[in-house]
Amino acid sequence: MMKNNPFLTVFLLFGIQVLLIKYLDYLDFEMGQGLYLAFVCFCIPTISIILNWFTGESRYKKSFRYFTFFTVIMSLLAFVALSYLGALGKAYQN
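Worth saying up front: this structure is predicted, and the values here are computed from it rather than measured.

Participant: Can you explain the overall build of the chain? Please cite residues and give values.
Facilitator: Helix and strand counts for the chain come out as three helices and zero strands. Ordered by position from the N terminus, the helices and strands of the chain form the series α-α-α. A buried classification covers 24% of the 94 residues belonging to the chain. Of all intrachain contacts in the chain linking residues separated by at least 6 positions in sequence, the fraction that spans at least 24 positions is 68%.

In structure tokens, the structure reads:
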């Protein structure tokens, strides 16, 4: 069951991404604000799309495709909302 389940892969990748973000925050690694936000929002959906392309026939194929659509839509909404809030915060600083 665990061998062919792409959901476990994506959930583990969420955990790895959170740890990577915390580690980059600890190192004070400077990326551009937009690039950092894009990395945070679109890393997991990109991997999910790649997994969806290369996943063979399995019983999870259809539900994983819907999950991929959901993660892409949620990441787009999060990116737009966070970009807007970041621009609003910069406007109030000036």
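Participant: Describe in detail the nonpolar core, supporting the description with residues and values.
Facilitator: Residues Phe 7, Val 10, Leu 13, Ile 44, Tyr 60, Phe 64 and Phe 67 constitute the largest nonpolar core, which totals seven residues. Breaking this core down by element, the ones donating at least two residues are α1 (6-27) and α3 (61-93). For this core, the element with the highest residue contribution is α1, accounting for three residues. Apart from the residues lying within four places of it in its own chain, the contact partners of Leu 13 are Ile 44 and Ile 47.

Conventions adopted
- Residues numbered from 1 in each chain as written.
- Predicted model: local features only at pLDDT ≥ 70, side-chain atom pairs only at ≥ 80, totals over all residues.
- Heavy atoms only, no water.
- Helix = DSSP H or I, 4+ residues; strand = E, 2+ residues; numbered from the N terminus.
- Buried < 20%, exposed > 50% of the residue type's maximum accessible area, 1.4 Å probe, protein only.
- Contact = heavy atoms within 4.5 Å.
- Core = buried A, V, L, I, M, F, W, Y, C linked by side-chain atoms within 4.5 Å.

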